[in-house]
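# A closer look at the structure
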There are 2 protein chains.
Amino acid sequence: MSYVKPLDFKHGRIDMSHGSGGRASAQLIESLFAAAFDNEFLRQGNDGAVLPLPPPDCRLVMSTDAHVVSPLFFPGGDIGSLSVHGTINDVAMMGATPLWLSASFILEEGLPLADLQRIVQSMADAAQEAGVAIVTGDTKVVERNKGDGMYISTTGIGYLAKGNAPAGSRARAGDAILLSGTLGDHGMAILSQREGLQFDSPIRSDSASLHGLVAAMQTSSVDIHVLRDPTRGGLATTLNEIARQSKVGMLLDEAAIPLNRTVAAACEFLGLDPLYVANEGKLVAICRAEDADKLLTAMRAHPLGQAAALIGQVVVDASCFVEMRTRLGGRRMVDMLTGEQLPRIC
Amino acid sequence: MSYVKPLDFKHGRIDMSHGSGGRASAQLIESLFAAAFDNEFLRQGNDGAVLPLPPPDCRLVMSTDAHVVSPLFFPGGDIGSLSVHGTINDVAMMGATPLWLSASFILEEGLPLADLQRIVQSMADAAQEAGVAIVTGDTKVVERNKGDGMYISTTGIGYLAKGNAPAGSRARAGDAILLSGTLGDHGMAILSQREGLQFDSPIRSDSASLHGLVAAMQTSSVDIHVLRDPTRGGLATTLNEIARQSKVGMLLDEAAIPLNRTVAAACEFLGLDPLYVANEGKLVAICRAEDADKLLTAMRAHPLGQAAALIGQVVVDASCFVEMRTRLGGRRMVDMLTGEQLPRIC
């Protein structure tokens, strides 16, 4: 085979040949992706991965996410770690145990190889920390000005034990609404980075894999009716979706909603409502009111649920309205996000 | 809930709010994606799909592909049908039966809703024809000039019966190399469309789902050593990959390689080698020489394998060279694709 110059990870850039499917593609895959993600499945080296069947008596879960966050790097993470956390969380929110991820990359011509390497390593670290293997992938290259550095789509497979699984349609009037921690950290971290805003204590994204927290919650043996991560559109949109799916209303208690002080200040300064700001390491759980304490205890015992709180309750409401008792004692409607608050947040 | 104007599929365009995760996203999902792809899994309406476990005693197969083809529409297909065929084929090339697909969309602000609708319908038709369900998805929107209309990443899950499965590493010296039909139709269809070239008989992409052909081949009960679809990089690159994985050489017979006459003329006119042009509805199969006739008969009995041919044999070669006996009686090296022949082909 003819000689191929090693990739220059210090000064090199992605060019169209890296998406050709030919020699340059093979080199990129072997020297970067295969090396960083290395596992027995990826090593099969075929068009896809052959995977063992999960335990019998369970069901499969499949979820996918495109990631287009801008900028690619932000305090607390980057598009790589986000693309792993985001899809693991979607699988985990089904009550399932995530096992495998696929990753498909769309790279813009001119992307520095150093950036790509850093992002791929960050994906590998996030996957390893989560105990999930990236088993297959694909890479395409688009011309300069036809992308924005890179986009990553990840798809996750997990398995779900038989029995009651959480679903958006299972909220019942009287149920308790729990939130695993502070609101808005991811969105405000991205926005601060984008706008060059500086705060006394820097805002870091909460981007994290939540399946460990979910597993801890499941050991409490509480029947979790609904589990959802309030990403794009924030808590307000997530709760409205659940209210519509379950045909119920919700009443939140503003004073009970945990907020990082700097995030609260930044939101006030920028005129943003933290209820609509994206999170990437938080979950909402809905369970019977009498189970709330038990579930909260399980959440608070996990590092990602230390600030978990009971933030409201499910109520009878044929209009499926989400409302909130404000700190000042009033009531306000909490509608779904309309329009676009923060584009390219995940 | 406040009133939302129905989507204008005639004159409307994608705007940033369609990627917000809020009301406009929900409207797009409900009135377009959910309506077109409708199936019991998608209807669950959660962050992912819960799927039944495939038959016991089998293994799972997972494969993913990003699709960035330009232009979005071409003779014989569009990015939608291609994104279904491409991933189904990757699953089928593992010898597996494809069951479910996920689809993640990256849309460029300004994309006409009419184009999106046409593409989504084309995906739905391709999936239905293939008997595969699109069970979960995601949609993101990027600003004008940060995309190129749209990109689609699809991931497929299938199941693989126990027993010998085809793999790139299983080619053995003496094996026969079969090709299911003519070379280069997809790549030349895209190129003709892109360059505005006109031929007496228009060149159409061969984009098609190959799992039916694979199933027909499997009923022959021939042990298929290798199965691969020669997409990006063409037949030459695919065979070089297999040669390297199996540590063998290959000797092709140029006169035996089926070529559409118009494609041959177009390649000659443009100075392109059909061995390097992409295909999206063809497969290479490698089996023992004594099984070749049986497998060819099975291939030719299927509509997508009518022009199947024995095109060469696997030979002992420590250098893993792929060579070809030319029509003129000489021998030439057939190397992997170097550089980029046709960008954005799939």
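This structure is a prediction, so every number in the text was calculated from the model and none was measured.

Right, let's get into the packing of helix H4 (residues 185–195) of chain B against helix H7 (residues 261–270) of chain B. Residues and elements named next belong to chain B. Relative orientation of the contacting elements H4 and H7 amounts to 60°, with a least axis distance of 10 Å. As far as their axial angle goes, H7 and H4 are oblique. Relative to H7, H4 is oriented so that their crossing is left-handed. Facing H4, whose interface residues are Asp185, Met188 and Leu191, H7 presents Val263, Ala266, Cys267 and Leu270. Residue classes in the contact of H4 with H7 are distributed as six nonpolar, no polar and one charged.

Quick look at empty space enclosed by the protein now. In this approach a probe as big as a water molecule rolls over the atoms, and the regions it shows empty are the leftover space. Within the structure shown, the criterion is met by five cavities of 30 Å³ or more. Each pocket or cavity is described by its volume, and for the largest cavity that value is around 120 Å³. Along the wall of the largest cavity there are 19 residues; nearest its centre are A:Ser20, B:Arg232, B:Glu340, B:Leu342 and B:Ile345. Residues that form the lining of the largest cavity fall into these classes: eleven nonpolar, four polar and four charged. The volume enclosed by the second largest cavity comes to roughly 80 Å³. Taken together, 13 residues make up the lining of the second largest cavity; nearest its centre are A:Arg232, A:Arg344, A:Ile345, B:Gly19 and B:Lys140. When the residues that make up the lining of the second largest cavity are grouped by side-chain class, the tally is seven nonpolar, two polar and four charged.

Since the α-helix packs 3.6 residues into each turn, any two residues three or four apart lie on the same face. All names here are of chain B. The first and last C-alpha atoms of helix H1 (residues 23–37) sit 20 Å apart over 15 residues, in line with the 21 Å expected at 1.5 Å per residue. Largest kink in H1: about 35°, centred on Ile29. The set of residues buried in H1 consists of Arg23, Ala24, Ser25, Ala26, Gln27, Leu28, Leu32, Phe33 and Phe37. Those residues of H1 that are buried are in contact with strand S5 (97–108), helix H3 (113–130) and strand S6 (133–142).

Another aspect to go through is the side chain of B:Asp65. Relative to the helices and strands, B:Asp65 resides in strand S2 (residues 58–67). Buried within the structure, B:Asp65 lacks any salt-bridge partner; its nearest side chain of opposite charge belongs to A:Lys140, at an N-O separation of 4.1 Å. With near-sequence residues (within four places) excluded, B:Asp65 lies in contact with A:Ser104, A:Asp138, A:Lys140, B:Gly86, B:Thr87, B:Asp90, B:Ile152, B:Ser153 and B:Thr154.

The two copies are related by a screw operation: chain B maps onto chain A through 180° of rotation and 0.0 Å of translation along the axis, at an RMSD of 0.0 Å. Taken together, the rotation and translation describe the operation of a two-fold axis. Interface overlap between copies: 100% of the residues of chain B at the interface are likewise at the interface in chain A, consistent with a symmetric, same-surface contact.

Chain B puts 83 residues into the contact, and the matching count from chain A is 83 residues. A combined buried area of about 6,500 Å² lies between chain B and chain A, and 56% of that area is made up of carbon and sulfur atoms. Applying the counting rule to chain B against chain A returns ten salt bridges. B:Glu30 serves as the salt-bridge partner of A:Arg244, at 3.2 Å between the closest nitrogen and oxygen. There are 39 residue pairs in polar contact (both at pLDDT 80 or more) connecting chain B and chain A. Sorting the residues of the side of chain B that touches chain A by element identifies H1, strand S1 (49–51), S2, S5, S6, strand S7 (150–161) and helix H6 (234–246) of chain B as the ones contributing at least two each. Among the elements that line the side of chain B that touches chain A, the one with the most residues is S2(B), at nine residues. The class makeup of the residues in the side of chain B that touches chain A is 36 nonpolar, 27 polar and 20 charged.

So, on to the pairing of S5(B). All names here are of chain B. In terms of residue burial, S5 counts as a mostly covered element, since ten of its twelve residues are buried. Two strands pair when backbone bridges link them, and S5 and S7 are joined in this way by ten bridges, in the antiparallel orientation. Looking at the pairing, Thr97 lines up with Tyr159 of S7. Where S5 lies against S6, nine bridges are found, and the strand directions are parallel. Among the inter-strand pairings, Leu107 is bridged to a residue of S6, identified as Val141. Regarding topology, H3 serves as the crossover connection from S5 to the parallel S6, and that connection is right-handed.

Considering every residue of chain A, the mean pLDDT works out to 95; 99% of them sit at 70 or more. Here the predicted complex scores 0.97 on pTM and 0.96 on ipTM.

Next up on the list: the domain arrangement of chain A. Accessible area lost upon the coming together of the parts is a frequently used measure of interface size. Residues and elements named next belong to chain A. Each assigned domain of chain A is listed with its residue range as follows: domain 1 (16–160) and domain 2 (176–333). Here the C-alpha centroids of domain 1 and domain 2 sit 27 Å apart. Taken together, the contact pairs 18 residues of domain 1 with 20 residues of domain 2. Here domain 1 and domain 2 share an interface that buries about 1,700 Å² over both sides, 57% of which is from carbon and sulfur atoms. Among the residues of domain 1 in contact with domain 2, Pro75, Asn89 and Met93 are the three that bury the most area, contributing 35% of the side total.

Let us now look at the packing of aromatic side chains. Residues and elements named next belong to chain A. The full count for this structure, using the stated rule, is six aromatic pairs over all chains. Relative to Phe105, the ring of Phe33 has its centre 4.6 Å away and its plane inclined at 40°; by these criteria the two rings are tilted. Taken as a pair, Phe33 in helix H1 (residues 23–37) and Phe105 in strand S5 (residues 97–108) lie far apart in primary sequence, 72 residues in all. An identical accessibility class is assigned to Phe33 and Phe105; each is buried. What links up through ring pairs into an aromatic cluster is the set Phe33, Phe37 and Phe105. Taking the ring centre of Phe73 as reference, the NZ or CZ of Arg118 above it sits at 3.8 Å.

On to the sheet that holds strand S12 (residues 309–315) of chain B. Residue and element names in this part refer to chain B. Read across the open sheet, the seven strands follow the order S9-S11-S8-S12-S10-S13-S14; overall the sheet is mixed. With one partner strand each, in any of the chains shown, strand S9 (226–228) and strand S14 (331–333) form the two edges of the open sheet. Recorded for the sheet is a direction-independent mean angle of 25° between the axes of neighbouring strands. Pairing of strand S8 (residues 176–179) with S12 involves four bridges; the strand directions are antiparallel. Directly across from Leu178, in S12, lies its bridge partner Leu310.

What counts as what
- Residues numbered from 1 in each chain as written.
- Chains lettered and ligands numbered in written order.
- Predicted model: local features only at pLDDT ≥ 70, side-chain atom pairs only at ≥ 80, totals over all residues.
- Heavy atoms only, no water.
- Axes fitted to C-alpha atoms, helices over the stretch in contact; angles between N-to-C directions.
- Helix = DSSP H or I, 4+ residues; strand = E, 2+ residues; numbered from the N terminus.
- Parallel < 35°, antiparallel > 145°, perpendicular 65-115°, else oblique.
- Left-handed = near helix turned anticlockwise from the far one by under 90°.
- Contact = heavy atoms within 4.5 Å.
- Nonpolar A, V, L, I, M, F, W, Y, C, P; charged D, E, K, R; others polar.
- 1 Å grid on protein atoms, 1.4 Å probe; cavity = no way out; pocket = protein on both sides within 12 Å on 5 of 7 lines; lining within 4 Å.
- Points joined across faces, edges and corners; volume = space filled by probe spheres on them.
- Expected span 1.5 Å × (residues − 1).
- Bend = angle between axes of the 7 residues up to and from the residue.
- Buried < 20%, exposed > 50% of the residue type's maximum accessible area, 1.4 Å probe, protein only.
- Lys, Arg positive; Asp, Glu negative; His and termini not counted.
- Salt bridge = Lys/Arg side-chain N within 4 Å of Asp/Glu carboxyl O.
- Least-squares fit on C-alpha atoms with pLDDT ≥ 70 in both.
- Buried area = accessible area lost by both parts, 1.4 Å probe.
- Polar contact = N/O pair within 3.5 Å; in protein donor to acceptor, adjacent residues only side chain to side chain.
- Pairing = 2+ DSSP bridges.
- Right-handed = clockwise from strand over helix to strand, strands pointing away.
- pLDDT = per-residue confidence, 0-100.
- Domains from an automatic or database assignment.
- Phe/Tyr/Trp six-rings, centres within 6.5 Å; stacked < 30°, edge-to-face > 60°.
- Lys NZ or Arg CZ within 6 Å of the ring centre and 35° of its normal.

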